[in-house]
Amino acid sequence: MSKILLAGATGYLGGYILSELLRQQHEVRVIVRNRTKLEQKNYEKVEVIEAEITKLESINNCCDNIDFVISTVGITKQKDGLTYMDVDYQANKNLLKEAKKSGVKKFVYISLLNGQKLKNLKICEAKELFVNELKKSGIDYCIIRPNGFFSDMSEIFYMAQKGRVYLFGDGKYKANPIHGEDLAVVCVNSIENARKEINIGGPETLSQNEIASIAFNIAEKEIKITYIPNWIRKIILFIIRTFTSQKFYGSIEFFLTVLSMDMIAPEKGKHTLEEFYGNLKNNHM
Ligand SMILES: NC(=O)c1ccc[n+]([C@@H]2O[C@H](COP(=O)([O-])OP(=O)(O)OC[C@H]3O[C@@H](n4cnc5c(N)ncnc54)[C@H](OP(=O)(O)O)[C@@H]3O)[C@@H](O)[C@H]2O)c1
């Protein structure tokens, strides 16, 4: 049994990692900025530090007596006025500084599949800058590079429920998204794994057309897909990058880019998209 500090426990992936850590009977300390978000889930035996990880002084000594740190901290859909550089880079750098100070054995960081190749995107630029800090820090590390999460595939199901799915291009690009529970197992096991970088996706590689037809099937709707030409996607990218701030366009820029390329990682896990969409449907009936 090791003592783990988890940052990001209130998020989609962090919640599954916390459950997996407890299932494996590790001692767990979490840093959260809003304790009530965690308390709703009724976790027992978890030491909670309430702090602003973006402010170094507020996490002083947070890693004392900790063996391993796992961080999923990053901006996904939050709109709290901070940039990827403030959170994905600087907040994780603050945590790394504390980890080094306290002699933590290993730091596990969740980046993105293909993050190294997509550094022209604001989110990847910040994440990969942190990856570089981690690599040169002298601390042992593991960088997990996951494909898109099932949570991000929900939108296709909701479009299908409304009767029409919109896809860019011809819908033939492929990806193998992964369920948080499957990914959490890999993240937790990485603390004892010698691999420094792990690319990972879910067990099924599907084209966007196939994902849409699974969604229509579960929603019990006729398949209706509108294909948006690639030139429109490029114009949208140009407009948002030119006329809006990165706080607005960062996540849109990311999705518009990864939807126009194959995103395929080694297949892992057992949860299928069909089962995930089935659960979404049951929860919304
Ligand atoms: N979603 C995907 O498809 C995907 C794919 C590949 C990689 N990733 C990466 O995996 C990581 C986890 O993703 P997720 O979907 O689990 O994200 P999520 O649900 O949005 O969770 C993000 C976590 O980061 C914390 N956080 C965000 N901004 C913060 C701030 N300013 N100060 C302190 N904490 C902050 C959140 O805390 P609060 O609860 O307080 O907001 C939350 O615990 C992210 O780094 C993401 O970029 C995501």
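Analysis parameters
- Residues numbered from 1 in each chain as written.
- Predicted model: local features only at pLDDT ≥ 70, side-chain atom pairs only at ≥ 80, totals over all residues.
- Heavy atoms only, no water.
- Helix = DSSP H or I, 4+ residues; strand = E, 2+ residues; numbered from the N terminus.
- Rg over C-alpha atoms; globule rule 2.2 N^0.38 Å.
- Buried < 20%, exposed > 50% of the residue type's maximum accessible area, 1.4 Å probe, protein only.
- Contact = heavy atoms within 4.5 Å.
- Areas by Shrake-Rupley, 256 points an atom, 1.4 Å probe, with all protein chains shown as cover.
- Lys, Arg positive; Asp, Glu negative; His and termini not counted.
- Charge placed at Lys NZ, Arg CZ, Asp CG, Glu CD.
- Near = heavy atom within 4 Å.
- Polar contact = N/O pair within 3.5 Å; in protein donor to acceptor, adjacent residues only side chain to side chain.
- Phe/Tyr/Trp six-rings, centres within 6.5 Å; stacked < 30°, edge-to-face > 60°.
- Expected span 1.5 Å × (residues − 1).
- Arc of directions from axis to C-beta.
- Patch = residues over 30% accessible without salt bridge, like charges linked within 9 Å, V, L, I, M, F, W, Y side chains within 5 Å.
- Salt bridge = Lys/Arg side-chain N within 4 Å of Asp/Glu carboxyl O.

Labelled according to an unreviewed UniProt entry, the protein appears under the name NAD(P)H-binding protein, originating from Iocasia fonsfrigidae.

A.B. asks: How would you summarise the overall build of the protein if you had to cite specific residues and measurements?
C.D. replies: Along the protein, the regular secondary structure elements total ten helices and eleven strands. Taken over the C-alpha trace, the protein has a radius of gyration of 19 Å; the compact-globule value for 285 residues is 19 Å, and the two agree within 12%. Referenced to the eigenvectors of the C-alpha coordinate spread, the extents of the protein come out at roughly 55 × 40 × 35 Å. The buried share of the protein, taken over its 285 residues, is 50%. Counting contacts in the protein only where the partners sit at least 6 residues apart, residues at least 24 apart contribute 77% of the total. Entry remark: accessible area of the protein is about 13900 Å², with carbon and sulfur atoms responsible for 51%. Considering the protein, the positive charge centre built from 39 side chains and the negative charge centre built from 34 side chains are found 4 Å apart.

A.B. asks: If you had to explain the site of the ligand to someone new, which residues and values would you point to?
C.D. replies: Residues in contact with the ligand amount to 25 residues; listed here are only the nearest, T10, K37, T76, K127 and D152. At 2.6 Å from an oxygen atom of the ligand is found a side-chain nitrogen or oxygen belonging to T10. Between an oxygen atom of the ligand and a main-chain N or O atom of T72, the distance comes to 3.3 Å. Here the ligand loses 92% of its free accessible area of 890 Å² to cover by the protein chains.

A.B. asks: If you had to explain the packing of aromatic side chains to someone new, which residues and values would you point to?
C.D. replies: The tally for this structure, following the rule as stated, stands at nine aromatic pairs. Pairing Y109 with F130 gives two aromatic rings, centres 4.7 Å apart and planes at 70 degrees, and the pair type is edge-to-face. Taken together, the residues Y109 in strand β5 (residues 106-110) and F130 in helix α4 (residues 122-135) connect sequence positions 21 residues apart.

A.B. asks: Quick rundown of helix α8 (residues 230-243)? Include the residues and the values.
C.D. replies: In an α-helix, one full turn covers 3.6 residues, which means residues spaced three or four apart are oriented alike. In this model, α8 (14 residues) spans 20 Å end to end at C-alpha, consistent with the 20 Å of a helix rising 1.5 Å per residue. Those residues of α8 lying buried are R233, L237 and I240. All buried residues of α8 project into a common sector of 75 degrees when viewed along the axis, lining one side. Pointing more than 90 degrees away from the buried face of α8 are the exposed residues W231, F238 and F243. Close packing links the buried residues of α8 with β7 (165-168) and α9 (246-258).

A.B. asks: Can you tell me about a nonpolar patch on the surface, naming the residues and giving the values?
C.D. replies: Together, W231, I235, F238, I239 and F243 line one region of the surface with nonpolar side chains, adding up to about 600 Å² of accessible area. With respect to the helices and strands, F238 occurs in helix α8. The exposed category is assigned to F238, whose relative accessible area is 53%.

A.B. asks: Give me the lowdown on helix α5 (residues 154-162), citing residues and values where you can.
C.D. replies: Within the sequence span of α5, burial applies to S154, I156, F157 and A160. Buried residues of α5, seen end-on, are gathered within an arc of 160 degrees and therefore sit on one face of the element. The secondary structure elements touched by the buried residues of α5 are β7, α7 (208-219) and α10 (273-283). The positive-phi residue at the C-terminal boundary of α5 is G163, with phi of around 110 degrees.

A.B. asks: Got a sec to walk through the pattern of salt bridges? Specific residues and values, please.
C.D. replies: Counted by the stated rule, this structure contains 18 salt bridges. Salt-bridge contacts for D152 lead to K77; the nearest nitrogen and oxygen are separated by 3.0 Å. Here K77 lies in the loop between β4 (68-71) and α3 (84-101) and D152 lies in the loop between β6 (140-146) and α5, a separation of 75 residues in the sequence. Its relative accessible area of 56% is what places K77 among the exposed residues. Here R145 makes a salt bridge to E128, at a shortest N to O gap of 2.7 Å.

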